[in-house]
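This is what each chain is made of:
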Amino acid sequence: MKIKITTKELKSDFAEEVKKRSGIDVKKCYQCGKCTAGCPVAYEMDYMPNQIIRFVQIGARREALTSRTIWLCASCITCTTRCPKEVKIAELMDVLREMSLEEGLANPLEKNITTFHEAFLNSVKKHGRISEIGMIQEYKMKRPKTAMQDLLVGPQMLSKGKLSFLPHNIKGKNAIKKIFEKCK
Amino acid sequence: MSKKIGVFVCHCGTNISATVDVEKVAEEAKKNNPGVSYTTTYKYMCSDPGQKLLRDKIKEEGLDGVVVAACSPKMHEHTFRNAAIKTGLNPYHVEISNLREQCSWVHPDKPTGTEKSIDLVRMMTEKTRKDKSLNPIKVPVTKRALVIGGGIAGIQAALDIADGGQEVIMVEREASIGGHMAQLSETFPTLDCSQCIMTPKMVEAAQHENITMHTWSEIESVDGYIGNFDVKIRKKARSVDLDLCTGCSSCWQVCPCKKIKSEFDMGMGNRTAIYIPFPQAIPSKPVIDRENCILFKDARKKNIKPNDSKVCRKCIDACPIAPVKAIDYNQVDEIVEEKVGAIIVATGYKELDDTSLYGEYGGGKYKDVITGLQFERLASASGPTEGAIKRPSDGKEPEIVVFIQCVGSRDPAKGCSYCSKTCCMYTAKHTMLFKHKVHHGHAFVFYIDIRCAGKGYEEFSQRAIEEEGATYLRGRVSRIYKKGEKLVVLGADTLTGSVVEIEADMVVLASAMKAQDDATKIAQAVYIQYDKDKFLSEIHPKLKPVESSSAGIFLAGTCQGPKDIPETVAQAGAAASKVLALLSADELEREPVVAKVDRSPPPVFSTCIGCFYCQKVCPYSAIESEDIKARDGSVIKTVARVNEGLCQGCGLCAATCRSKSVELAGFNDEQIYAEINALEFN
């Protein structure tokens, strides 16, 4: 895909906005590419992690927020650990995901991932921790095309006691509720 | 008798006059100030006509005090004082009022600037009234120089000074001079053999009649001041008598400890316990490594004198020198004292060797991940493989070699933010050396930026890519891991936005140039400053690049910061020329702005109470104690005394003194109070 960057993007304060929200200063990045070199999911990404940082640096908001990369990031933090300039790259992906959702720019190709995140959060909200069965149920209902996926691991997990039919609630559910309210 | 003072206000083009009404300043200087008999303004006081104006008016008006309201005294105080000398006026009656750096440049509007300027000029006029004539201090000069370090910087500096006709004492802590340059295989950008151009210089230095060499020696202490340093040199016990030994090699050929890692070969080869670091070593006489020699180990264990140990005496038995053998196991350290007038510090660098820093590159675990200097030893004809490129693990010739740049450089997360400056060039050189020796091989270089600024440097790095077939990939390597006999290098090419995975046979890390481990120790021994990376600091980054913060001590080479050979040689020459200029005079003239401790007539002798608080605060160790003695030799009083040669006139002692017994010439209490009063009561 060819991208044209104009004065509008270059003059925008996208990098500043990201810094204000997260404290991450992308100006520090000198594009050495060590994040990309060590990323275990880079092969699936449409843009490399260092390119996402570059988009933020030059104000290419749309490219960054509509990218698939920000959703594919597994938050393994390898990039952050190895960054010579101490840029928190994995954390930056988090912020970009938030902004992407807020602005309705989330890449439609990665709907599965956003739905999965939602299902995960809903389960935590309800029980204070995830209930695997409930979460998977919600996810598969919302994304019916995935209904048959990974079905065979179910019985295996059940036999090993990794899945339980009834959700477990934690003691401090109210505290979790408060956290969710605060984050709204 | 009141002074006749002239005030000269400079416009400095528009630098001052844009924010200061200079005419008004001149006018106000005269008002209510009977001492000021002449005022004027001029476009550029520092220009030739400006100085002429100053000289003419001193004569015509008979001025005996001058205030030049212009830029910082750091810039032109010297100029205007010299102009005064030509008219016969003592230069210390000329004062500078700083209207530029401390006024016009920092204030935005004219009214504020003008008001402050009027105050500044009035203050300086009052101080000038109290100025006394001062005469420069003369200190004798010892016409010898000390060069610390025997690498290319030290050798070049020593040769230049010695050729200039002055004596040089050279101190090198290793067993041979030569430093890192002697370790290199070939040098960029010409690819000439490093040892071939280095060894003639080493020989020349060794044979020069003006150079005295102390190898296997370290600086114990440095005292004194510019022109008059007292240096103590520790000649470490070599266990070999340099006068008797002929360097015949009998001893190291029979030494049974053959598996000691050679420091010179960066651990790529072995040496014996009695050894010379490399074949062309100067002096070509061995030293016994007491840590690893089995005789010394035995003596330490049994707590006996080394000569009494009978474990192994092969070297002394093999020594053909008779009747007294050249090997002396009982030799002890010796302290040599020397007097010198100037010092050049050329202690060099060390290659980053903290492998634990880069866990992701194996952290020293993988034998086939080597450093730049180790590669130099591999490629060197005098190296452990005699120049054949063989990987350390199994001695096989590597086909695919990955070079990683910026290892330890430009990496703030690992505590090193600077660029080591030489790695781009030496990596390009390494790819060529590799290709010249392994024709079917392939060199890959991971880089962030290629920085090849220098004559012929850009062309050299392009040649590596265009003609010598090195593949450059723009990205930093994230990880190296072992897969069978191969090393998998996980990198990136940011130009295409892709991850790059190379199965390599050997990896060479372009390791950073770091300050020597004991750089701070040497800096403290000679009282000079160092920066956050422990490189020794020059006093001015542009205009005084070889001068250290202590007068008479100069810097050369990589102890001051990463640099390549041409730059090092140029800097060494520059430092040598400074030393020669210093040693060319029989006496040195010093600014008389120094502190003085009170001496009074009997029965007081001195108001100093001998608390020596001044000694504690003095940053230049210039305060000494002096016994005031009666005629019969009995001590009446012990008081402080300032060594005028060391004093830099900072005034800390004067400010600290509890009995007001210390006076700083040119800035005494009377003068300072006059300045303050002028501000307060007008």
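Every value quoted in this text rests on a predicted model; they were computed, and no experiment measured them.

What counts, and where the lines are drawn
- Residues numbered from 1 in each chain as written.
- Chains lettered and ligands numbered in written order.
- Predicted model: local features only at pLDDT ≥ 70, side-chain atom pairs only at ≥ 80, totals over all residues.
- Helix = DSSP H or I, 4+ residues; strand = E, 2+ residues; numbered from the N terminus.
- Buried ≥ 20, exposed ≤ 12 C-beta atoms within 10 Å, placed from the backbone.
- Core = buried A, V, L, I, M, F, W, Y, C linked by C-beta atoms within 7 Å.
- Contact = placed C-beta atoms within 7 Å.
- Domains from an automatic or database assignment.
- Nonpolar A, V, L, I, M, F, W, Y, C, P; charged D, E, K, R; others polar.
- Right-handed = clockwise from strand over helix to strand, strands pointing away.
- Pairing = 2+ DSSP bridges.
- Axes fitted to C-alpha atoms, helices over the stretch in contact; angles between N-to-C directions.
- Left-handed = near helix turned anticlockwise from the far one by under 90°.
- pLDDT = per-residue confidence, 0-100.

Glancing now at the overall build of chain B. Per the secondary structure count, chain B includes 18 helices and 34 strands. Counting only C-alpha atoms, chain B reaches 90 × 80 × 40 Å along its principal axes.

The number of helices and strands found in chain A is twelve helices and zero strands. Tracing chain A from N to C terminus, the helices and strands come up as α-α-α-α-α-α-α-α-α-α-α-α. Residue burial in chain A is summarised as follows: out of 184 residues, 30% are buried.

What follows deals with the nonpolar core. Residues and elements named next belong to chain B. Membership of the largest hydrophobic core comes to 171 residues, with the highest contact counts inside it found for A157, A158, I344, V345 and V507. Not counting chain neighbours up to four residues away, the residues in contact with V345 comprise I148, G149, I522, V526, L536, S548, I553, L555 and C559. Ranked by size, the runner-up nonpolar core spans 38 residues in total, among them V7, V67, A84 and I96.

Let's shift gears to the environment of G23 of chain A. Tracing the chain through its elements places G23 of chain A in the loop between α2 (14-22) and α3 (34-38). When the C-alpha positions of G23 of chain A and L92 of chain A are compared, they lie 9.4 Å apart, and in sequence the two are 69 residues distant.

Counting residues at the interface gives 19 residues for chain B and 19 residues for chain A. It is strand β25 (residues 486-493) of chain B that provides the largest number of residues to the side of chain B that touches chain A, a total of three residues.

A few words on the domain arrangement of chain B. Residue and element names in this part refer to chain B. The assigned domain composition of chain B is domain 1 (5-134), domain 2 (144-236 + 338-348 + 516-587), domain 3 (250-332), domain 4 (350-514) and domain 5 (595-665). The straight-line distance from the C-alpha centre of domain 2 to that of domain 3 is 29 Å. If you look at the interface, domain 2 gives 13 residues, while domain 3 gives nine residues. Grouping the constituent residues of the side of domain 2 that touches domain 3 by class yields seven nonpolar, five polar and one charged.

This part covers the pairing of strand β21 (residues 400-407) of chain B. Residues and elements named next belong to chain B. Among the eight residues in β21, seven count as buried, and that is most of the element. Each parallel crossover has a hand, and for β21 linked through helix α12 (residues 423-437) to strand β22 (residues 442-447) it is right-handed. Where β21 and strand β27 (residues 506-511) come together, five bridges link them in parallel fashion. Residue pairing for β27: F403 is matched across the bridge by V508.

With that settled, the discussion passes to unusual backbone geometry. Residue and element names in this part refer to chain B. Residue A322 is joined to P323 through a cis peptide bond whose omega torsion reads 0°. Tracing the backbone through its elements, the reader meets P323 in the loop between α10 (314-318) and β17 (334-340). With phi around 50°, W216 is a residue other than glycine that occupies positive phi space. On the basis of neighbour count, W216 is assigned to the buried category, with 21 C-beta atoms found within 10 Å. Even without a glycine there, the phi angle at C406 is positive, about 55°. Among the secondary structure elements, C406 is positioned in strand β21. You can call C406 buried: it has 27 C-beta atoms within 10 Å.

Take the environment of I170 of chain A next. Residue and element names in this part refer to chain A. Mapped onto the fold, I170 is located in the loop between α11 (153-159) and α12 (173-183). Counting along the chain gives 95 residues from I170 to S75, while the straight-line C-alpha distance between them is 25 Å. With residues up to four places along the chain from it excluded, the contact list for I170 reads H127, G128 and R129.

All names here are of chain A. Where helix α9 (residues 111-127) contacts helix α10 (residues 132-142), the axes come no closer than 9 Å and their chain directions differ by 145°. In this structure, the crossing between α9 and α10 has a hand that is right-handed. Counted together, T115, F116, A119, F120, N122 and S123 of α9 and G134, M135, E138, Y139 and K142 of α10 form the full contact between these two elements. Across the contact of α9 with α10, the residue classes tally to five nonpolar, four polar and two charged.

Let's shift gears to the sheet that holds strand β4 (residues 94-98) of chain B. Residues and elements named next belong to chain B. The sheet built from four strands is open, its strands ordered β2-β1-β3-β4 with parallel pairing. Each edge of the open sheet is held by one strand with a lone partner, namely β2 (36-42) and β4. Along the sheet, successive strands turn relative to each other by an average axial angle of 15°, direction set aside. Across six bridges, the pairing between strand β1 (residues 5-10) and β2 is parallel. Across the sheet, residue I5 finds its bridge partner in β2, namely V36. Packing against the sheet, helix α2 (residues 48-61) makes contact with β1, β2 and β3 (65-70), and its axis sits at approximately 165° to β2. Packing against the sheet, helix α5 (residues 110-129) makes contact with β1, β2, β3 and β4, and its axis sits at approximately 155° to β3.

The description of two packed helices rests on the angle between their axes and on the distance between the axes. Residues and elements named next belong to chain B. At a minimum axis separation of 8 Å, α5 and helix α18 (residues 669-680) run at an interaxial angle of 145°. By crossing handedness, the relation of α5 to α18 is classed as right-handed. Facing α5, whose interface residues are D119, R122, M123, E126, K127 and R129, α18 presents Q671, A674, E675, N677, A678 and L679. Residue composition of the contact of α5 with α18, by class: four nonpolar, two polar and six charged.

Residues and elements named next belong to chain B. The parallel open sheet is built from five strands, whose spatial order is β20-β27-β21-β22-β23. Because the sheet does not close on itself, it has two edges, and the strands there are β20 (369-371) and β23 (471-474). Sheet twist, expressed as the mean angle between neighbouring strand axes with direction ignored, is 25°. Its contacts with the sheet put α12 on β21, β22 and β27, and the angle it makes with β21 is roughly 170°.

Turning our eyes to something else, we now look at the pairing of strand β33 (residues 635-642) of chain B. All names here are of chain B. Summarising the sheet, strand β32 (residues 623-629) and β33 pair through seven bridges and their orientation is antiparallel. Across the sheet, the residue bridging to I628 is K637, located in β33. Here β32 folds back onto β33, and the loop between the two strands holds five residues, one of which, G633, carries a positive phi near 90°.

It is worth spelling out the confidence of the model for chain B at this point. Residues and elements named next belong to chain B. Of the residues in chain B, 100% have a pLDDT of 70 or more, and the chain-wide mean is 93. Element-level pLDDT for chain B is lowest in strand β30 (residues 587-590), with a mean of 86, against a maximum mean of 98 in helix α6 (residues 152-163). ipTM for the predicted complex: 0.84, alongside a pTM of 0.85.

The next subject is the environment of S239 of chain B. All names here are of chain B. Inspection of the secondary structure puts S239 in the loop between β12 (228-235) and α8 (250-254). Accessibility expressed as a C-beta count within 10 Å gives 25 for S239, which makes it buried. Distance from S239 to S537, taken between C-alpha atoms, is 36 Å for residues 298 residues apart in sequence. Setting aside residues up to four positions removed in sequence, S239 forms contacts with V287, I288, I327, D328, Y329 and Q331.

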